[in-house]
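# Inside the fold
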Amino acid sequence: MFENVASVPPDPILGLSEAFKKDDRAEKMNLTIGVYQDDQGVTPILAAVQKAEKQLCETENSKGYLGIDGLPAFHQRARELTLGDLVSEDRVAVFQTPGGTGALRVAADFLGAAFGGSRVWLSTPTWPNHPAVFASAGIAVESYPYLAADGKSLDFQAMMDAIETGGKVGDVLLLHGCCHNPTGVDLTESQWEDLAELSAQRGMLPLIDFAYQGFGCGLDEDRAALKAISVQHEEFMICSSYSKNFGLYGERIGALIAVAPEASAKVNLQSNIKRAVRCNYSNPPKHGAAIVAAILDSAELRAEWEDELSQMRARIHSTRSDFVDAMKQRDCDVDFSFLLQQNGMFSFSGLTPMQVDWLKNERGVYIVGSGRINVAGISARNLDYFADAVLEATKI
Ligand SMILES: Cc1ncc(COP(=O)(O)O)c(C=O)c1O
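Rules used in this analysis
For every chain, the first residue of the written sequence is number 1, and numbering continues from 1 along that sequence. Local features in this predicted model are restricted to residues whose pLDDT is 70 or higher, and side-chain atom pairs enter the listing and the counts only when it is 80 or higher, whereas totals over whole chains, interfaces and linings include all residues. In DSSP terms, a helix is any run of H or I states spanning at least four residues, a strand is any run of E spanning at least two, and both are numbered starting from the N terminus. Between the two quantities, the radius of gyration covers C-alpha atoms and the globule rule is 2.2 Å times the number of residues to the power 0.38. A residue is called partly exposed when the number of other C-beta atoms within 10 Å of its own lies between 12 and 20, exposed at 12 or fewer, and buried at 20 or more, with C-beta atoms placed from the backbone. Once C-beta atoms are placed from the backbone, any two residues with those atoms within 7 Å are in contact. Core membership is restricted to buried Ala, Val, Leu, Ile, Met, Phe, Trp, Tyr and Cys residues, and these are joined into a nonpolar core through C-beta atoms within 7 Å. Residue ranges for the domains originate in an automatic or database domain assignment. To decide nearness, the C-beta atom of each residue is placed from the backbone, and the residue is near a molecule or strand if that atom lies within 6 Å of it. The classification used treats Ala, Val, Leu, Ile, Met, Phe, Trp, Tyr, Cys and Pro as nonpolar, Asp, Glu, Lys and Arg as charged, and all other residues, Gly among them, as polar. By definition, two strands form a pair when at least two bridges between them are found by DSSP. Angular values range over 0 to 180 degrees, each being the angle between N-to-C directions of two axes fitted as lines to C-alpha atoms, with helices fitted over their stretch in contact. One less than the residue count of a helix, multiplied by 1.5 Å, gives the span that helix is expected to have. Note that the arc is defined by the directions from the helix axis to the C-beta atoms.

## Looking at the overall build of the protein
Helices and strands together make up the secondary structure of the protein, namely 13 helices and 11 strands. Over its C-alpha trace the protein gives a radius of gyration of 21 Å, about what one expects of a compact globule, namely 21 Å for 396 residues. Overall, the protein is about 60 × 55 × 55 Å in size when its C-alpha atoms are taken along their principal axes. Per-residue burial over the protein gives 47% buried out of 396 residues.

This is the structure:
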C-alpha cells in the first residue's frame, strides 16, 4: 500500500524552516516561523515559566490523566484572561487543548459534526493552516477580502461587503482577535463594533483565533474584538494559544472557549465538544496547563510574566522602527514606514515572490513567499545585514 502513496507538498512555512536548517551559510536568517526571538536570536524560556516549573517539580504528586477537558485550575484562568467579566461564568465552557491549533481542530470537528454542511469564512490572506484544519473537518471554506490593493492596509469596506452579501445564518466567521497573521494589520475598536453588529445581523457564529494576546498592544487592549463581539453575540467561540505569550510553544497549550446563550445550553455544548476530543487525543497533556495555571494563580509570578510579555512586545515594536530607520538611512526607494502601523510578530513586507526568492538564494534570508516577515527574527546583530539585503532586493 505505502509504495503507491503519492507525496504531498511540504507545509509552506515548516518546509522553509527545513531548508533553512540545511543552509550552511553563517549569516543566514530565518524570518519564516512564528516564534519569538530575543536580541540574541534565542527563543527564551520565560523566568516566570521556569519558576512555575520548579514549583511544580516540588509539589506535583501524580502524572495521572487529566479529564477530557483538561485541568480545572487552568479553565478558570483561561476564561478570566480572555473574557474577564464580559460574559457570566455559567455560560462559558473551557477546554484545554494541545495548542491553538488543537483548539481550532476541536472547534472544527465539533462544528462539522453538529452542523453538517456548515461553512467557515476566512480572511484572504490568513494563516495557511486555517483552510486545511476546517477542510479536514468537512467544513466548506469561503473567503472574505482583507487587505487593500496596496497590500499594506485593511480594506474594511470590502470585508464588510463580502460578509454582508455572502454571510448566512449558521456560517462560521473566523476572525484573528489581534496581530492578524500573516499581515499584522488589525481592525480598530470601532471597526470591530461595526463588524460584530453585522455578523450578528447575518446570524453568523464568530470564532476568534486568539493566538497572540498581549503581543499587539497589551493583554487587555488586545481584547477589543472580544469586547465588541460579546456585546452583539450571545454565542461565539475563542481559540486561544499560550505558545507565544507564555513562550510555551513545545508544551502545546491552548484553549477552546465556547460561549453559550445560557447555562443550560452550555451543558449540552460541553458534552458535544467532549466527544470531539475523546475520539481525537482523548485528553490533553498536563504540563503546559499546569504552568499557565501556576503563573496566573500567583500574584508574584503573574506580575513577572506580564513584565516579560511587555518586554517581548516592546522589542517587537522597537525592531520595527529600527528596520524602518535602517531603510531610510539607506535611501531606499521603498518607504517601509507602513510597518509601524502593524501589530504583533508578523509583517507583510510588500516584498514580491521574486524578491523573496532572491533573498533566500543570494543572501540566505528566509521569508515566507507572501512576503511575511517574522519581525522578532531581526536583532541588533543582523539588522544591517538584513537591511542591506532588502535594499538590494528592492532593486532587482
Ligand atoms: C493565527 C494563528 N492561529 C493559530 C496558531 C497555532 O498556535 P499553536 O502553535 O499554539 O498551535 C498560530 C501559530 O502560529 C497562528 O499564527
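## A short note on the environment of Lys274
Along the chain, Lys274 turns up in helix H9 (residues 263-278). Look past the residues within four positions of Lys274 in its chain and what remains in contact with it is Ile68 and Asp69.

## Points about the nonpolar core
Buried together is how nonpolar side chains tend to be arranged in soluble globular proteins. Core analysis: the biggest nonpolar cluster contains 115 residues, and Ala107, Leu256, Ile257, Ile273 and Val292 have the highest contact counts within it. Ranked by residue count, the leading element in this core is helix H10 (residues 287-297), at eight residues. Each of domain 1 (7-45 + 314-394) and domain 2 (49-299) gives at least three residues to this core. Once residues within four sequence positions are removed from consideration, Ala107 is found in contact with Leu207, Met237, Cys239 and Leu256.

## Here we look at the site of the ligand
Gly34, Gly99, Gly100, Thr101, Trp127, His176, Asn181, Asp209, Ala211, Ser241, Ser243 and Gly254 make up every residue found near the ligand. Here the residues of the shell around the ligand sort into two nonpolar, nine polar and one charged.

## Regarding helix H8 (residues 224-232)
An α-helical segment advances 3.6 residues per turn. Residues three or four places apart therefore align on the same side. Listing the buried residues of H8 in full gives Ala224, Ala225, Leu226, Ala228 and Ile229. In this fold, the buried residues of H8 make contact with helix H3 (72-83), strand S5 (172-176), helix H7 (189-201), strand S6 (205-210) and strand S7 (236-241).

## Brief notes about the sheet that holds strand S2 (residues 92-97)
The strand order across the open sheet formed by seven strands is S2-S8-S7-S6-S5-S3-S4, and the pairing between neighbours is mixed. Two strands lie at the open edges of the sheet, namely S2 and strand S4 (140-145), each paired on one side alone. On average, each strand axis in the sheet is inclined to that of its neighbour by 20°, with strand direction left out of account. Sheet analysis places S2 next to strand S8 (residues 254-259), joined by six bridges and oriented antiparallel. By the bridge assignment for S8, Phe95 is matched with Leu256. Across the face of the sheet, H3 comes into contact with S2, S6, S7 and S8 while running at roughly 110° to S2.

## Brief notes about helix H2 (residues 47-59)
Between the first and last C-alpha of H2 there are 19 Å, a value that for 13 residues agrees with the 18 Å anticipated at 1.5 Å per step. Within the span of H2, buried status applies to Ala48, Val49 and Ala52. The arc that holds the buried residues of H2, viewed along the axis, is 95°, so those residues lie on one side. What points out from H2, more than 90 degrees from its buried face, is the exposed set Gln50, Lys54, Cys57 and Glu58. Taken together, the buried residues of H2 touch H10 and helix H11 (299-329).

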